[in-house]
Amino acid sequence: MKNITVIGSGTMGNGIAHVFAQRGYEVSLVDLKEDYLQKALVTISKNMDRQVSKGLISEIEKEASLSRIKTFTDLNAGVQSADLVVEAATENMAIKLDLFRQLDELTPSSAILATNTSSISITKIAAATNRPGQVIGMHFMNPVPVMKLVEVIRGYATSDEVTKTIMDLSKDLGKVPVEVNDYPGFVANRILMPMINEAIYSLYEGVAGVEEIDTVMKLGMAHPMGPLQLADFIGLDVCLSILRVLHDGFGNPKYAPCPLLINMVEAGFKGVKTGEGFYKYTPGSKDLVVSPRFVKK
C-alpha cells in the first residue's frame, strides 16, 4: 500500500493523515470545503512542530511529511488511485452509508475501504458496497499522533486477508492494533461510554460534584483524566450518539443516556468544541474551571 485517502479533515481525519504521511505514505485528504482542508494543514504543521521541539522528528522530516499530503474537495479526484480509504467523516449512519456507496463506485476494485467509526456497525456499512469483504473498521484514538491503539473491527464478511493487511499496516504506523468483532460500541466504547454515562448520572442525582467525581476516578482509579472532563474532550454530542447506538443495538436499558447529557447536547453545551460542557474552556488557558452551571451556590 502506497496511496492512502482520508475522508474528513477534522480532528480525527487530520490526525490520521498526519501519521500516514509521517510514515512515508502518499496521502490524499478530502473534505467538502477548501477552508476545512487549509485549517487541517495548519493543525498538522503545528502538531509536527511540537514533535520537532521534543526531538521526535527533524525539521527536514516534518517538511517531507507535509509534502506527501495533497488536498481535494472533489471526492472522485481524491480516491482514484487509493489503495486504502480511511473514512473519518461525521459519526452519522446516513452520511457514512452514502459515502461508502460512492467510494464503492469511485475507487479501484482492489482498494480496501476502512471507517474510523467509533460505534457504527461495520457490517451495515459494508452492506452498502459490492465489496463487503474489503470493508473494515480502523478506529484510531484521539489524539491520533500520540495514542498507540487502533481498534481493528471485522465486519461479518470482512476477509482474513484484509484483516491481516490492516493489522500489519497499523503496526507499520507505529500503532498497536487490537482485533475485535463487530458488535455495538466494539470494545473501547462499549466499556468507556457506560462509565461516562454513570459519572453523568452521579452528577445528575446529586451524588457528588464535577470535580469530586473526576478526582475520585483520577486518584482512586489512576485515570489520567476524569470521566466528565474526558466526555467534554470527546464531545458530549459524540458521547450521546454512541450511547444511542449501544441502547438501540442491545435494547438494554443500562445503556440509556442520562437525561442531563441529552439536555446539555440539545442546549448546545457539547464540551471543548463549544467552549463549555461540564467545564468551561477559555482559548489560550489551560486552567480547568468547572462550568458555573455546576458550581454550588
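Everything numeric in this text was worked out from a predicted model, so none of it was measured.

Asker: Break down the sheet that holds strand β4 (residues 84-87) for me, citing the residues and quoting the values.
Answerer: With mixed pairing, the 8 strands of this open sheet are ordered in space as β3-β2-β1-β4-β5-β6-β7-β8. Of all the strands in the sheet, the pair left with one neighbour each is β3 (69-72) and β8 (176-181). Here the average twist between neighbouring strands, direction ignored, is 25°. Taken together, the 5 bridges between strand β6 (residues 135-140) and strand β7 (residues 149-154) define a ladder with antiparallel strand orientation. The residue bridging M138 from the neighbouring strand is V152, located in β7.

Asker: Describe the UniProt feature "binding site: NAD(+)" (unreviewed entry) in the chain, and please don't skip the residues or the numbers.
Answerer: Residues given the UniProt feature "binding site: NAD(+)" (unreviewed entry) here are G8, S9, G10, T11, M12, G13, D31, E91, K96, S118, N142 and K273. With respect to the helices, strands and loops of the structure, G10 is situated in the loop between β1 (3-7) and α1 (11-22). By the secondary structure assignment, D31 is in the loop between β2 (26-30) and α2 (34-53). Those residues in contact with D31, other than ones at most four positions away along the chain, are G8, S9, G10, Y36, L37, F72 and T73.

Asker: Outline the domain arrangement of the chain, supporting the account with residue identities and numerical values.
Answerer: Split into domains, the chain comes out as domain 1 (3-181) and domain 2 (189-290). Put simply, the middle of domain 1 and the middle of domain 2, counted by C-alpha atoms, are 27 Å apart. The partner domain 2 presents 5 residues to the 6 residues of domain 1 that form the contact. The interface formed by domain 1 and domain 2 holds 0 salt bridges in total. Here domain 1 and domain 2 share 1 residue pair in polar contact (both at pLDDT 80 or more) between them. When its residues are assigned to classes, the side of domain 1 that touches domain 2 shows 1 nonpolar, 4 polar and 1 charged.

Asker: Requested: an account of the packing of helix α8 (residues 188-204) against helix α10 (residues 227-234), with residues and values cited.
Answerer: α10 packs onto α8 with a crossing angle of 115° between their chain directions and a minimal axis gap of 9 Å. Crossing hand, α8 versus α10: left-handed. For the pair formed by α8 and α10, the contact residues are L192, M193, M195, I196, A199, I200 and L203 on the first element and P227, L228, L230, A231 and I234 on the second.

Asker: Can you explain the nonpolar core? Please cite residues and give values.
Answerer: The biggest cluster of nonpolar side chains holds 34 residues, and the ones touching the most others in it are I16, F20, L84, V86, M138, F140 and I166. Sorting elements by how many residues they give to this core places α1 first, with 6 residues. Every residue in contact with V86, bar those within four places of it in the chain, is listed here: I4, T5, V6, I7, I16, F20, A114, M138 and F140. Counting 25 residues, the second-largest nonpolar core is a separate cluster that includes L203, V210, L230 and L261.

Asker: Before we move on, can you summarise the UniProt feature "domain: 3-hydroxyacyl-CoA dehydrogenase NAD binding" (unreviewed entry) in the chain with the specific residues and values?
Answerer: According to UniProt, the feature "domain: 3-hydroxyacyl-CoA dehydrogenase NAD binding" (unreviewed entry) maps to residues 3-182 in the numbering used here. Secondary structure content for residues 3-182 is 43% helix and 22% strand, while the C-alpha to C-alpha distance between its ends is 26 Å.

Definitions and cut-offs
Residues numbered from 1 in each chain as written. Predicted model: local features only at pLDDT ≥ 70, side-chain atom pairs only at ≥ 80, totals over all residues. Heavy atoms only, no water. Pairing = 2+ DSSP bridges. Helix = DSSP H or I, 4+ residues; strand = E, 2+ residues; numbered from the N terminus. Axes fitted to C-alpha atoms, helices over the stretch in contact; angles between N-to-C directions. UniProt positions renumbered as here; feature names shortened; annotations may be inferred. Contact = heavy atoms within 4.5 Å. Domains from an automatic or database assignment. Salt bridge = Lys/Arg side-chain N within 4 Å of Asp/Glu carboxyl O. Polar contact = N/O pair within 3.5 Å; in protein donor to acceptor, adjacent residues only side chain to side chain. Nonpolar A, V, L, I, M, F, W, Y, C, P; charged D, E, K, R; others polar. Left-handed = near helix turned anticlockwise from the far one by under 90°. Core = buried A, V, L, I, M, F, W, Y, C linked by side-chain atoms within 4.5 Å. Buried < 20%, exposed > 50% of the residue type's maximum accessible area, 1.4 Å probe, protein only.

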